Amino acid sequence: MQGALHLSRRQSLQGLVVLGAGAALSGIARPSPVLAQDISDEDIFRFALNLEYMEAEYYLRGTTGKGIDAADAGSKPGDVVGGKQVSFETPAIGEFMQEVAENELAHVRFYRKTLGTDAVDRPAIDFDAGFKAVAEASGLGPDFDPFGNETNFVLGGMLFEDVGVTAYAGAATVLKNKDFLAAAAGILAVEAYHMGMARSTLYRKGEEAWKAANAVSDAREKIDGSDDKDQGIQADGKANIVPSTPDAIAFTRTPQEVLRIVYLSDKDGVSKGGFYPEGMNGTLKST
């Protein structure tokens, strides 16, 4: 794609539900609802940028020991808690994770370039609290460390990649600008490559990795909503590398379903928590 894309500020996204409705967390006032007609393609891209910040921070910290440079984080970025360089015993897996880190950083830079002055800063991100809650919900044990070894690191990546693919698939149904849709489709394809490689890598690791990955999938399924949109890496005694509908079509998630997973909450009206202790930046930030 040549040059930066030009954003239309008020392109309606029909088909989105009213955002921000429902009960609030105890002690937290419910955010003002955001009506569907007030949502633009720009809002969707800012939502995606929040997710890409988290993925880039995760993979960069695991492969290089440090996160995003200040130049790529915005003027007032939130703090990032957790993360350290992983010791990869399998060189090929280390190389794959390095490539993923470069891809996710490129996504951050693409969105920041495309959004220009409308780009949101990196939100506060807490890997320690987020993965502690994931480990508890998945039964992985209190000592689970996603940066502790290569298997755990790929497992942590699967948590994000599966969600990212469904989020981009959902965005593809509502984006109006054809250039935006083309860009989102291209990024979806890259995230799907990541997802497939992560899931197949874990499957090759054997039964212990299968059980852990399936447990993470089950935990996501419990909080993202009533529909069945998650699958582990093993089903019916055989590999299940490609989670999809009976027609082999990727699942789609709404922003609210995605936020339930990254905030680690099954409640409506939640605007922060989990991996985002202060919530996402932008209009789309409430379950």
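What counts, and at which threshold
- Residues numbered from 1 in each chain as written.
- Predicted model: local features only at pLDDT ≥ 70, side-chain atom pairs only at ≥ 80, totals over all residues.
- Heavy atoms only, no water.
- Phe/Tyr/Trp six-rings, centres within 6.5 Å; stacked < 30°, edge-to-face > 60°.
- Helix = DSSP H or I, 4+ residues; strand = E, 2+ residues; numbered from the N terminus.
- Buried < 20%, exposed > 50% of the residue type's maximum accessible area, 1.4 Å probe, protein only.
- Expected span 1.5 Å × (residues − 1).
- Core = buried A, V, L, I, M, F, W, Y, C linked by side-chain atoms within 4.5 Å.
- Contact = heavy atoms within 4.5 Å.
- Arc of directions from axis to C-beta.
- Polar contact = N/O pair within 3.5 Å; in protein donor to acceptor, adjacent residues only side chain to side chain.
- Salt bridge = Lys/Arg side-chain N within 4 Å of Asp/Glu carboxyl O.
- pLDDT = per-residue confidence, 0-100.
- 1 Å grid on protein atoms, 1.4 Å probe; cavity = no way out; pocket = protein on both sides within 12 Å on 5 of 7 lines; lining within 4 Å.
- Points joined across faces, edges and corners; volume = space filled by probe spheres on them.
- Nonpolar A, V, L, I, M, F, W, Y, C, P; charged D, E, K, R; others polar.

By the naming in an unreviewed UniProt entry, the protein chain is Ferritin-like domain-containing protein, taken from Mesorhizobium ventifaucium.

Let's talk about the packing of aromatic side chains
Counted under the stated rule, the structure contains 20 aromatic pairs. Geometrically, the ring pair formed by Tyr58 and Phe153 is stacked, given 4.6 Å between the ring centres and 15 degrees between the ring planes. Taken together, the positions of Tyr58 in helix α1 (residues 41-64) and Phe153 in helix α4 (residues 150-171) put the pair 95 residues apart, joining distant regions of the chain. Across the pair, Phe153 and Tyr58 agree in class, each one buried. Their ring planes at 65 degrees and their centres at 5.3 Å tell us that Phe110 and Tyr111 sit as a pair that is edge-to-face. Here Phe110 falls in the buried class, since its relative accessible area comes to 19%. One aromatic cluster is present, built from ring pairs that chain together Tyr58, Tyr59, Phe88, Phe127, Phe131, Phe147, Phe153, Phe160 and Phe275.

Looking at α1
Across its 24 residues, α1 extends 33 Å between first and last C-alpha, which sits within 8% of the 34 Å expected from 1.5 Å per residue. The element α1 is extensively covered by neighbouring structure, given that 23 of its 24 residues are classed as buried. Note on α1: the residue one or two positions beyond its end, Gly65, has a positive phi of about 85 degrees.

Focus on the nonpolar core
The nonpolar side chains of soluble globular proteins are, as a tendency, buried together. Grouped together as the largest cluster of nonpolar side chains are 70 residues, with contacts concentrated most on Tyr111, Phe127, Phe275 and Tyr276. Going through the elements one at a time, α1, α2 (91-115), α3 (127-138), α4, α5 (178-204), α6 (207-223) and α7 (255-263) are the ones with two or more residues in this core. The contact partners of Phe275, leaving out residues within four places of it in the chain, are Met54, Ala124, Ile125, Asp126, Phe127, Gly130, Phe131, Val134, Leu159, Phe160, Val262 and Leu264.

Comments concerning α3
Given a rise of 1.5 Å per residue, 12 residues ought to cover 16 Å, and the 16 Å separating the end C-alpha atoms of α3 matches this to within 8%. Every buried residue of α3 is accounted for by Phe127, Gly130, Phe131, Val134, Ala135 and Ser138. One side of α3 holds all its buried residues, which, seen down the axis, span an arc of 130 degrees. Counted as exposed and oriented over 90 degrees from the buried face of α3: Lys132 and Glu136. Of the surrounding secondary structure, the elements contacted by the buried residues of α3 are α1, β1 (80-81), β2 (125-126), α4 and α6. One side-chain oxygen of the residue at the start of α3 lies 3.1 Å from the amide nitrogen of Asp128, identifying that residue as Asp126. Where α3 ends, the next residue or the one after it, Gly139, has phi of about 70 degrees, a positive value.

A short note on unusual backbone geometry
The backbone phi angle of Ala248 is positive, close to 60 degrees, even though this residue is not glycine. Here Ala248 is to be found in the loop between β4 (238-239) and α7. We classify Ala248 as exposed; its relative accessible area is 62%. Here the phi dihedral of Leu264 falls at roughly 60 degrees; this positive angle occurs in a residue that is not glycine.

Looking at the pattern of salt bridges
On inspection of all chains with the given rule, the structure shows 14 salt bridges. With its nearest N and O atoms 3.0 Å apart, the salt bridge here joins Asp72 to Arg109. With a gap of 37 residues between them, Asp72 in the loop between α1 and β1 and Arg109 in helix α2 connect regions that are remote in the sequence. A residue is classified by how much of its surface remains accessible, and Arg109, at 42% relative accessible area, is partly exposed. One salt bridge in this structure joins Asp230 and Arg253, with 2.9 Å as the shortest N-O distance. Here Arg253 lies in the loop between β4 and α7 and Asp230 lies in the loop between α6 and β3 (234-235), a separation of 23 residues in the sequence. Asp230 gets classed as buried once you look at its relative accessible area, which sits at 10%.

Side note on the confidence of the model for the protein chain
In low-pLDDT regions, the fine details of the predicted coordinates are not to be read closely. Per-residue confidence for the protein chain gives a mean pLDDT of 86; residues scoring 70 or more make up 86%. In this model, residues 1-36 is a region of pLDDT below 50 whose contacts with residues beyond four sequence positions or in other chains number 85 contacts.

What to know about empty space enclosed by the protein
By the definition in use, this model includes one cavity of 30 Å³ or more. Of the pockets and cavities examined, the largest cavity occupies roughly 80 Å³. Around the largest cavity sit Leu51, Met54, Glu55, Leu159, Phe160, Val163, Gly164, Ile261, Val262 and Phe275, which together line it. For the lining of the largest cavity, the secondary-structure elements that each account for two or more residues are α1, α4 and α7. The greatest single-element share of the lining of the largest cavity, amounting to four residues, is contributed by α4. When the residues that make up the lining of the largest cavity are grouped by side-chain class, the tally is eight nonpolar, one polar and one charged.

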